[in-house]
Amino acid sequence: FAGGTAVEICSGASGLAMALVLGARVGFGRDPMRPHNLTLGMLGAGLLWFGWFGFNAGSALAANHSAAYVFVTTLCAGAAGTLGWLALEHRRDGHATSLGAASGTLAGLVAITPSCGSVTPIGALLLGGFTGAVCAGAIGLKYRFGFDDSLDVVGVHMVGGIIGTLGVGALGSSLAPTAVAGLLYGGGVGQLGRQAVGVVSVLAYAFVASYLLGRVIDRTVGFRIEPEHEISGIDLVVHAESAYDLHSASATRSGPFGHAN
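Residues numbered from 1 in each chain as written. Predicted model: local features only at pLDDT ≥ 70, side-chain atom pairs only at ≥ 80, totals over all residues. Heavy atoms only, no water.

### A short note on the side chain of Gln 191
Quick reminder of the rule: Secondary structure elements are taken from DSSP: a helix is a run of H or I of four residues or more, a strand is a run of E of two residues or more, and numbering for both begins at the N terminus. Any two residues whose heavy atoms approach within 4.5 Å are treated as being in contact.
Checked against the element boundaries, Gln 191 lands in helix α8 (residues 190-220). With near-sequence residues (within four places) excluded, Gln 191 lies in contact with Val 168, Gly 169, Val 180 and Ala 181.

What follows is the structure, given as structure tokens:
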């Protein structure tokens, strides 16, 4: 139902492969590289959550009981993912952030995508909360292993997609639209094993194929720009303009009488 392997695991594995091909940005691990606009980020997270209802519930291809059921599980997982991420963030860093809330929402939605028609609303809450906390910790893998994943697609989409796909085999209920019982609902390990095979096969195929294609393009056309252009900004190099003209803003802070505007 919906799609976790073809969307989430595939994108995460491919993102990891391309991050290895491209290499790290100049200053990665040394310079702060925080999001440039949290307001737009929070707005985007809300729009994404709204669209996710169409993606998951719309997979029923009708306005029926299955669509309504999946709508609820999607809502539960997104909310629980937000709380799970914030809980771990607060315990680890001493504070919860708006960026963490948006990331936790996304992690919960990623996990429920493959399992939205297989788990109960209670299962969706458990799955979303667990995934939010795990993904909050998983984003640190890029610093430990040195790959520059600027969008945290590995820590959120790949890890969240794996948890959600395996969640079908663990938390699946015969009362859900897909009527598949998982390990914790008396279904045994058979479905969990099939989910694991799907995870491993899709992850391996996506990673290898993306890595090979990336290497071919890198050796022929090339990916990276010159380091000095990366530092100055590719918008300035290619388009001779920038979305944030901070130097001009600093120069015009004083008003016509020498006072700050």
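Now that the structure has been shown, the text picks up again.
### Quick look at the pattern of salt bridges
We apply this condition: Basic side-chain nitrogens of Lys or Arg form a salt bridge, by our definition, when they fall within 4 Å of a carboxyl oxygen of Asp or Glu. Here the term buried applies to any residue with accessible area under 20% of the maximum for its type, exposed to any over 50%, and partly exposed to those in between, with areas from a 1.4 Å probe on protein chains only.
Taken as a whole and judged by the stated rule, the model has four salt bridges. One salt bridge connects Arg 25 with Asp 148, and the closest N-O pair in it is separated by 2.7 Å. Of this pair, Arg 25 sits in the loop between α1 (5-22) and α2 (38-57) while Asp 148 sits in the loop between α6 (141-145) and α7 (153-171), and the two are 123 residues apart along the sequence. Its salt-bridge partner being Arg 92, residue Asp 93 comes within 3.2 Å of it at the nearest N-O pair. Residue Asp 93 is classed as partly exposed on the basis of its relative accessible area, which comes to 36%. Look at Arg 92 and you get partly exposed, because its relative accessible area is 44%.

### Notes on the packing of aromatic side chains
Convention followed: Pairing of aromatic rings covers Phe, Tyr and the six-membered ring of Trp, with a centre-to-centre limit of 6.5 Å; geometry is then stacked below 30 degrees between planes, edge-to-face above 60, and tilted otherwise.
Enumeration according to the criterion identifies three aromatic pairs in this entry. Here Phe 28 and Tyr 143 contribute two aromatic rings whose centre-to-centre distance is 5.6 Å and whose plane-to-plane angle is 10°, an arrangement assigned as stacked. With Phe 28 in the loop between α1 and α2 and Tyr 143 in helix α6, this pair connects stretches of sequence that are 115 residues apart. Taking the relative accessible area as the measure of exposure, Phe 28 reaches 19% and is therefore buried. Since its relative accessible area comes to 55%, Tyr 143 is described here as exposed.

On their own, these measurements won't tell you what the molecule is for.
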